[in-house]
Amino acid sequence: MADHNSQVPTPASDDAFAEVKAKVDLVKVVQEHVRLTKRNKDFWGLCPFHQEDSPSFKVNPQMQSWYCFGCERSGDVFTFVELIEKTDKRGALQMLAERAGVELRKLSPEQKERSDSRKRLLAMLKLAAQFYEYVLWSTPAGEPGRRLLATRQVNEENARRFQLGYAPAGRGFAEYLRAKKRSLADAQEGGLLRRDGTDFFAERLVIPIRDERGQPLAFTARTVRADEQRKYINSPETPAYVKGRVIFGLDLARDEIARRGHAVLMEGQFDVITAHGAGIQNAVASSGTALTDDQVRLLKRFTDELLLVFDADRAGRQAAQKAVLLAAAHQMRTRVATVTGAKDPDEFLRAAGADAATQWEELAAKAPSGFEFGMEEAAAGLNLSNANHVELAARKLRDWIAQFPVALQEDYRERAKRWMGVSGHLLAAEPDEKRSPGRPGAYKVGKNGLETSPAGKKMTVGRYLLQLLAVRPVAFDLVRTKITLDELDEEDRGIYERMLETYERGGVSGLETELAGYPAEEQDLIRRAWAAPPPNVDDEVAVELAERITLDHMRSRHSGIIRELSEAERGKDSERVARLEAEARELGHAIDEMERRG
Ligand SMILES: [Zn+2]
């Protein structure tokens, strides 16, 4: 549904962001939430996004950028409002536009029509939820629904929290709408009625899927009939509902998520309903799909940590691993709890009865981190005193680690080594050009004594150069004549290219204007550099770093040629041997030359 966004009432072009940004002052916006003290050119305060006693939250008024040295969050005025108001980018734009007196672009007639029809649809869904809930509790027709809830041990208080309802057989909802003189067409568009006017969810317990503010967007419905093949049916996608963008239960769980500092993510709606009944009120579910990128992004507005509780079967464990990786890609921490003696959390909690809260706490307390869970999965069924099995486990672990963001891999490799014990050496990264002798992966910039960045990540030459260019874009004039893109490490290439383009378009102030459009990871790197520049940022260092990159690249090519050479010798390919020898010699001279100068 590519046009979903355009159906939101306020279309926001990049212009709108730029206009608003130009009119609001980040310092003033932040000051409404944080007491700031001026130190030199910058402002410091206690970070509103993590608990701390001494200020590590820094606002750079010149760049209109903020960075926290404690939790490493960073951003511009929009991200600040997004985080502090727990809204999204569009919501932040709207709030700041109002404040700045910027009128967002007027809607075209079609956009207005779409926006109105979406509003009507939302009102219809709300009405339907109320109708079904009324039928469930206040009419004889609701009896089958009440019976189903009783067998599921869901009491009325809890059912009402989720606004569960019952759709009776026949045309009950259509008749209700006629009596209220409401349009049946809207109800059909919302997937509530069939064409003949019968109820789409007839003879089913109806569960509203609501957004994080409690507005029903769709329904999922469970049959009460034993002879019905399709246990659950769902609303179709509509202008109001896109599958994979909603988190079930988030409207009810958000406060408890904030209080506990993490969300409990389950698979099914009934898992969540039962969990809330048992007092686990930070439980939510991905609802109807495997966890999606959009859902992780939504959750990240409320927390940085997920406790995953998936079904105990193979499919559930695989889903858990995927969720761990997806969360890691968004810099979220995970833990994985495994229910034992039950097929899903719902069954587990019901079996525990009055003891559910205690048993749950025990389960949660021993939940390993998402990474550890994956390690255990990799070694499951293998005997680590058998050499073949050890090798197999090591291979699986390497695959598991390789799927995490690069920044985490080194640490994970260390932890995996300790976990494997004596056979840990098998986990050493496979021979790879980058780590070949003569080209250390994490080069120490000796003169400056700078081995690691403030975030504790390994500082490579490429990273140092990128930080320098973030603080001193004018150095691009020198650097771009010295290095070519293919000389950079793969992980540095994209951001370098983007920064260079920005510089060519917008000069030294281009980065401040265009940064919001950069991928999150790249924004982080640049804002961190603005907050904590590397020790030396002059042209001389820039040239030195560029030359170092060229040299490293030449060395790695050199060892590549040497490897190829021995292959060619083994294959007795004399022509190729001669050509490679010449290449290696030439490159070797060039390297010597550069080293002598450097
Ligand atoms: Zn912080």
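Structure first, text after, so check above.
Residues numbered from 1 in each chain as written. Predicted model: local features only at pLDDT ≥ 70, side-chain atom pairs only at ≥ 80, totals over all residues. Heavy atoms only, no water.

Draft legend 1. Summary view of the packing of helix H21 (residues 490–506) against helix H23 (residues 520–531). Contact pair H21 / H23: the axes reach a minimum separation of 11 Å and the direction vectors enclose 70°. Considering the angle they form, H21 stands roughly perpendicular to H23. Where H21 crosses over H23, the two elements pack in a sense that is right-handed. Residues Gly494, Ile495, Arg498 and Met499 of H21 lie in contact with H23, whose contacting residues are Glu522, Leu525 and Ile526. A class-by-class count of the residues in the contact of H21 with H23 yields 4 nonpolar, 1 polar and 2 charged. (Axes fitted to C-alpha atoms, helices over the stretch in contact; angles between N-to-C directions. Helix = DSSP H or I, 4+ residues; strand = E, 2+ residues; numbered from the N terminus. Parallel < 35°, antiparallel > 145°, perpendicular 65-115°, else oblique. Left-handed = near helix turned anticlockwise from the far one by under 90°. Contact = heavy atoms within 4.5 Å. Nonpolar A, V, L, I, M, F, W, Y, C, P; charged D, E, K, R; others polar.)

Draft legend 2. Representation of the packing of aromatic side chains within the structure. Counted under the stated rule, the structure contains 24 aromatic pairs. Ring geometry for Trp400 versus Phe404: centroids 5.0 Å apart, planes at 85°, classification edge-to-face. For Phe404, a relative accessible area of 5% gives the class buried. Cluster of aromatic residues (ring-pair linked, three or more members): Phe131, Tyr132, Phe173, Tyr176, Phe200, Phe201 and Phe219. It is Arg498 that lies over the ring of Tyr518; its NZ or CZ is 5.7 Å from the centre. (Phe/Tyr/Trp six-rings, centres within 6.5 Å; stacked < 30°, edge-to-face > 60°. Buried < 20%, exposed > 50% of the residue type's maximum accessible area, 1.4 Å probe, protein only. Lys NZ or Arg CZ within 6 Å of the ring centre and 35° of its normal.)

Draft legend 3. Looking closely at the coordination of the zinc ion. Bound to the zinc ion on the protein side are Cys47 (SG), His50 (ND1), Cys68 (SG) and Cys71 (SG), at distances that span 2.0 to 2.3 Å. Around the zinc ion, the 4 donor atoms sit at angles spanning 103 to 118°, and that spread fits a shape best called tetrahedral. In the primary sequence, the donor residues of the zinc ion line up as C-x2-H-x17-C-x2-C. Linking Cys47 in the loop between strand S2 (42–45) and strand S3 (57–60) with Cys71 in the loop between strand S4 (65–68) and strand S5 (74–75), this pair joins segments that are 24 residues apart in sequence. A relative accessible area of 6% places Cys47 in the buried class. Note on Cys71: relative accessible area 24%, which makes it partly exposed. (Donors = N, O, S within 2.8 Å, 3.2 Å for Na, K, Ca; no water. Tetrahedral: all angles 85-135°; square planar, octahedral: opposite > 155°, others 65-115°.)

Draft legend 4. Quick peek at the sheet that holds strand S6 (residues 165–167). In space, the 4 strands of this open sheet follow the order S6-S7-S8-S9, with antiparallel pairing throughout. Taken across any chain shown, the strands that pair with only one partner, and hence form the sheet edges, are S6 and strand S9 (232–234). When strand polarity is set aside, the average angle formed by the axes of neighbouring strands in this sheet is 35°. The sheet contact formed by strand S8 (residues 216–223) and S9 spans 3 bridges and is antiparallel. (Pairing = 2+ DSSP bridges.)

Draft legend 5. Seen up close, the nonpolar core. Core analysis: the largest hydrophobic core is formed by 63 residues, its most contacted members being Tyr132, Leu164, Phe173, Leu192, Phe201, Phe219 and Trp360. Take this core: its biggest share by element is 12 residues, from helix H5 (residues 109–138). Those residues in contact with Leu192, other than ones at most four positions away along the chain, are Met124, Leu125, Ala128, Tyr132, Phe173, Ala187, Thr198, Asp199, Phe200, Phe201 and Phe219. By size, the runner-up hydrophobic cluster in this structure holds 37 residues, among which are Ile257, Val296, Met375 and Ala416. (Core = buried A, V, L, I, M, F, W, Y, C linked by side-chain atoms within 4.5 Å.)

Draft legend 6. Structural detail: the pairing of strand S12 (residues 305–310). Counting buried positions along S12 gives 6 out of 6 residues, so the element sits mostly inside the fold. The side-chain alternation of S12 yields two buried faces, one formed by Glu305, Leu307 and Val309 and the other by Leu306, Leu308 and Phe310. Sheet topology note: the S12/strand S13 (residues 333–338) ladder contains 6 bridges and is parallel. Bridge pairing in S13 links Leu307 to Arg335.

Draft legend 7. Layout of the pairing of S3. With burial as the criterion, each face of S3 is covered, one bearing Phe57 and Val59 and the other bearing Lys58 and Asn60. Where S2 meets S3, 3 bridges bridge the pair, whose relative direction is antiparallel. By the bridge assignment for S3, Phe43 is matched with Val59. Sheet topology places S3 next to S4; 4 bridges connect them, and they run antiparallel. Bridge pairing in S4 places Val59 opposite Trp66.

Draft legend 8. Structural view of helix H13 (residues 314–329). Taking 1.5 Å of rise per residue, 16 residues should cover 22 Å, and H13 covers 23 Å from first to last C-alpha, within 8% of that figure. Within H13, the full set of buried residues consists of Gly316, Ala320, Gln321, Ala323, Val324, Leu325, Ala327 and Ala328. Among the structural elements, helix H12 (293–300), S12, S13, helix H16 (370–379), helix H17 (387–402) and helix H18 (406–420) are those in contact with the buried residues of H13. One or two steps after H13, the chain reaches Gln331, where phi turns positive at roughly 55°. (Expected span 1.5 Å × (residues − 1).)

Draft legend 9. Region of interest: the environment of Gly249. Mapped onto the elements of the fold, Gly249 is located in the loop between S9 and helix H10 (250–260). The buried category is assigned to Gly249, whose relative accessible area is 4%. Along the primary structure Gly249 and Gln281 are separated by 32 residues, whereas in three dimensions their C-alpha atoms are 9.1 Å apart. Residues within four places of Gly249 in sequence aside, it is in contact with Ala283 and Val284.

Draft legend 10. Structural view of the packing of helix H3 (residues 77–84) against helix H4 (residues 89–100). Closest axis-to-axis distance for the H3/H4 pair is 8 Å, and the angle between their directions is 105°. Here H3 lies roughly perpendicular to H4, going by the angle between them. Contacts between H3 and H4 involve Val77, Phe78, Val81 and Glu82 from the former and Lys89, Ala92, Leu93, Met95 and Leu96 from the latter. Residue classes in the contact of H3 with H4 are distributed as 7 nonpolar, no polar and 2 charged.

Draft legend 11. Structural detail: the pattern of salt bridges. Per the counting criterion, the structure on display carries 42 salt bridges. Linking Arg505 and Glu514 is a salt bridge whose minimum nitrogen-to-oxygen distance equals 2.9 Å. What makes Arg505 exposed here is its relative accessible area of 57%. Overall, Glu514 belongs to the partly exposed group, its relative accessible area being 25%. Put simply, Arg245, Asp293, Asp294 and Arg297 are held in one network by salt bridges that share partners. (Salt bridge = Lys/Arg side-chain N within 4 Å of Asp/Glu carboxyl O.)

Draft legend 12. Local environment of unusual backbone geometry. For Asn40, which is not glycine, the phi dihedral falls at a positive 50°. Locating Asn40 in the fold gives a position in the loop between strand S1 (37–39) and S2. At Gln331, a residue that is not glycine, the phi angle is positive and equals roughly 55°. Counting through the fold element by element, Gln331 comes out in the loop between H13 and S13.

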